[in-house]
Amino acid sequence: MRYYLIAGEASGDLHASRLMRALKQRDPQATFRYFGGDLMAAEGGTLVKHYRELAYMGFIPVLLHLPTILRNMRRCKQDILQWQPDVVILIDYPGFNLSIAKYVHALHQDASLQHTAPKVYYYISPKIWAWKEYRIKNIRRDIDELFSILPFEVDFFEGKHHYPIHYVGNPTAQEVREWMTKNGNVERRKVIALLAGSRKQEIKDNLPAMIAATRHLAEDYELVLAGAPSIEPSYYEQFLQGSTVRLVVNQTYPLLAQATAALVTSGTATLETCMFGVPQVVCYETPVPTLIAFLRRHLLKVKYVSLVNLIADREVVRELVADTFSVENIRRELEQILPGGSGRQQMLSDYEQVYRRLGNSHAADEAARIMVELLHSATGDS
């Protein structure tokens, strides 16, 4: 089979590379072409465009780079048409990927192309339960099969919208378990981990406050920043000058394995931190915080921004977002989860519920199994 994958950021590159590895085990004839990153390239196939040229976040950055984004989208559509894959596999990154899905759906409506138009599978479903729920109409129309990695999404898509999906387990949980099995028990040290996001705008918004909130602990704790793989180390220098914070690159798991506590920007990192059993404070600054707080209360469909709380369906970790984000609040909440703090043991105990709800399935293997079976069934192959 010919697989065309699209991943638009570092986490997508990781999950897609695992999926590619699993697909090769199920389908020895698999060939790949993709928008992605270095981890995908290591699995073989052809890298058409690196995600570093795709990952723009926020209204202003997207607006400024709109010509580049549109040019990349045109390139992707033309490449799919020319290469004629059996399936296009979209990995998260909904703004770009749903547009590609719409394009592929249109190919099926063209009588001259419908016999060669690929299937569209979405691995790591768009988080429309949080924002832009109207996109369910596009998903229902344009996506052939949806693969979820979050257990609560089953009730949202199937229960609320009557759209069947495949829950395949959570790849982040599995990746952390595999790392811990391979590396054994790592001794905890007096380390506070700072995970400030994977995009420059997130880092710019969150890292200065994280550094300020931990400055008074520098004599008692080592302060270590996990550099994002998509960000050049030199970008961090402007924020680290005058601080004792040490930068490590491509060492997030070893850092979390030994950390005592963490400050984490919302995203997959909150779940990784939970899986390593590290108490955390979720910090996410937003522009116009009062307005964002209002919109969050009245327009967002979910009560939480962190995956940990969403999976638990209650506040396990403290979220400092919009109008609650401040250096003082970060400092106060961090002190409560350090050894001897009033909230530390309760948070560690609550993590157990998250572990149970995620289950033990290997997401990439399960997704690959279903995908290959569906594709063989569609083509009539045994």
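For the structure, see preceding data.
Enquirer: Please clarify how the overall build of the protein should be interpreted in this entry.
Expert: Along the protein, the regular secondary structure elements total 17 helices and 13 strands. Taken over the C-alpha atoms alone, the protein extends approximately 70 × 45 × 40 Å along its principal axes. The buried share of the protein, taken over its 382 residues, is 52%. As displayed, the protein has an accessible area near 17300 Å², and 50% of this comes from carbon and sulfur atoms. With 43 positive and 42 negative side-chain charges, the protein shows a spacing of 3 Å between the two charge centroids.

Enquirer: Looking at this structure, I do not really get the state of the cysteines. What am I missing?
Expert: Chemically, a disulfide is nothing more than a covalent bond linking the sulfur atoms of two cysteines. A full pass over the atoms with the stated rule returns 0 disulfides. Cys283 takes part in no disulfide bond, and the closest cysteine sulfur to it belongs to Cys274, at a distance of 16 Å. For Cys283, a relative accessible area of 0% puts it in the buried group.

Enquirer: Whenever I open this one, the nonpolar core confuses me. Can you help?
Expert: Here is a general trend for soluble globular proteins: nonpolar side chains tend to be buried in one another's company. Counting residues in hydrophobic clusters, the biggest one holds 129 residues, and the most contacted among them are Tyr3, Leu5, Ile89 and Tyr123. Each residue touching Leu5, except ones within four places of it in the same chain, is listed here: Ala16, Leu19, Met20, Phe32, Arg33, Tyr34, Phe35, Met40, Ile89 and Ile91.

Enquirer: What should I look at first to understand the pairing of strand β12 (residues 280-284) in this one?
Expert: Remark: a regular strand shows side chains that alternate across the two faces of the sheet. Most of β12 is tucked away, with 5 of its 5 residues classed as buried. Burial along β12 is two-sided: Gln280, Val282 and Tyr284 and Val281 and Cys283, pointing in opposite directions, are all buried. Here strand β11 (residues 261-264) pairs with β12 via 3 bridges, running parallel. What sits directly across from Ala262, in β12, is Gln280.

Enquirer: When you look at the sheet that holds β11 in this model, what are you seeing that I'm missing?
Expert: Through backbone hydrogen bonds, the strands of a sheet pair up, either in parallel or in antiparallel fashion. Read across the sheet, 6 strands follow the order β10-β9-β8-β11-β12-β13 without closing on themselves; strand pairing throughout is parallel. On the outer flanks of this sheet lie β10 (246-249) and β13 (318-321), each paired with one strand and no other. Shown here is a sheet whose adjacent strand axes are inclined to one another by a mean of 25°, direction ignored. Taken together, the 4 bridges between strand β8 (residues 191-195) and strand β9 (residues 222-227) define a ladder with parallel strand orientation. Across the sheet, Ala193 pairs through a bridge with Val224, a residue of β9.

Enquirer: Help me understand the sheet that holds strand β1 (residues 2-7), please; the structure alone is not making it clear to me.
Expert: Spatially, 7 strands are ordered β3-β2-β1-β4-β5-β6-β7 in an open sheet, and the strand pairing comes out parallel. Two strands lie at the open edges of the sheet, namely β3 (46-50) and β7 (166-167), each paired on one side alone. Here 2 bridges tie strand β6 (residues 145-148) to β7, and the two strands are oriented parallel to one another. Bridge assignment links Phe147 to a residue of β7, and that residue is His166.

Enquirer: Which parts of the structure should I look at to understand the side chain of Thr214?
Expert: Note that Thr214 resides in helix α9 (residues 200-214). Here Thr214 falls in the buried class, since its relative accessible area comes to 0%. Within polar-contact distance, the side chain of Thr214 engages the backbone oxygen of Met210 at 2.9 Å. Leaving out residues up to four positions away in the same chain, Thr214 has contacts with Ile192, Leu194, Leu223, Leu263 and Leu334.

Enquirer: Just to check I follow, could you spell out the pattern of salt bridges for this structure?
Expert: Should their charged atoms come close, side chains of opposite charge can pair. In total, this model carries 17 salt bridges according to the counting rule given. Of the charged contacts, one joins Lys160 and Glu133 as a salt bridge, the two residues approaching to 2.8 Å between their closest N and O atoms. Of the two residues, Lys160 is situated in helix α7 (residues 153-160) and Glu133 in the loop between β5 (119-123) and α6 (136-142); the sequence distance between them amounts to 27 residues. Arg314 is the partner of Asp350 in a salt bridge, and the nearest nitrogen-oxygen pair spans 3.2 Å. Taken together, the positions of Asp350 in helix α16 (residues 344-358) and Arg314 in the loop between α14 (307-312) and β13 put the pair 36 residues apart, joining distant regions of the chain. Judged by relative accessible area, Asp350 falls into the buried class, the value being 9%. By relative accessible area, Arg314 is classed as partly exposed at 33%. Because the salt bridges share partners, they merge into one network encompassing Glu9, Arg199 and Glu202.

Enquirer: Please clarify how unusual backbone geometry should be interpreted in this entry.
Expert: The phi angle at Lys132 is positive, at roughly 60°, despite the residue not being glycine. The residue Lys132 is located in the loop between β5 and α6 in this model. Overall, Lys132 belongs to the partly exposed group, its relative accessible area being 32%. Phi angles above zero are rare outside glycine, and Asp313 is one such case at about 60°. Inspection of the secondary structure puts Asp313 in the loop between α14 and β13.

Enquirer: Sorry if this is basic, but what is going on with the environment of Tyr4 here?
Expert: Topologically, Tyr4 is positioned in strand β1. What makes Tyr4 buried here is its relative accessible area of 0%. In this structure, the C-alpha to C-alpha distance between Tyr4 and Asp86, residues 82 residues apart in sequence, is 8.0 Å. Setting aside its immediate chain neighbours within four residues, Tyr4 contacts Arg33, Phe35, Val48, Cys76, Asp79, Ile80, Trp83, Pro85, Val87, Val88 and Ile89.

Thresholds applied
Residues numbered from 1 in each chain as written. Predicted model: local features only at pLDDT ≥ 70, side-chain atom pairs only at ≥ 80, totals over all residues. Heavy atoms only, no water. Helix = DSSP H or I, 4+ residues; strand = E, 2+ residues; numbered from the N terminus. Buried < 20%, exposed > 50% of the residue type's maximum accessible area, 1.4 Å probe, protein only. Areas by Shrake-Rupley, 256 points an atom, 1.4 Å probe, with all protein chains shown as cover. Lys, Arg positive; Asp, Glu negative; His and termini not counted. Charge placed at Lys NZ, Arg CZ, Asp CG, Glu CD. Disulfide = S-S within 2.5 Å. Core = buried A, V, L, I, M, F, W, Y, C linked by side-chain atoms within 4.5 Å. Contact = heavy atoms within 4.5 Å. Pairing = 2+ DSSP bridges. Axes fitted to C-alpha atoms, helices over the stretch in contact; angles between N-to-C directions. Polar contact = N/O pair within 3.5 Å; in protein donor to acceptor, adjacent residues only side chain to side chain. Salt bridge = Lys/Arg side-chain N within 4 Å of Asp/Glu carboxyl O.

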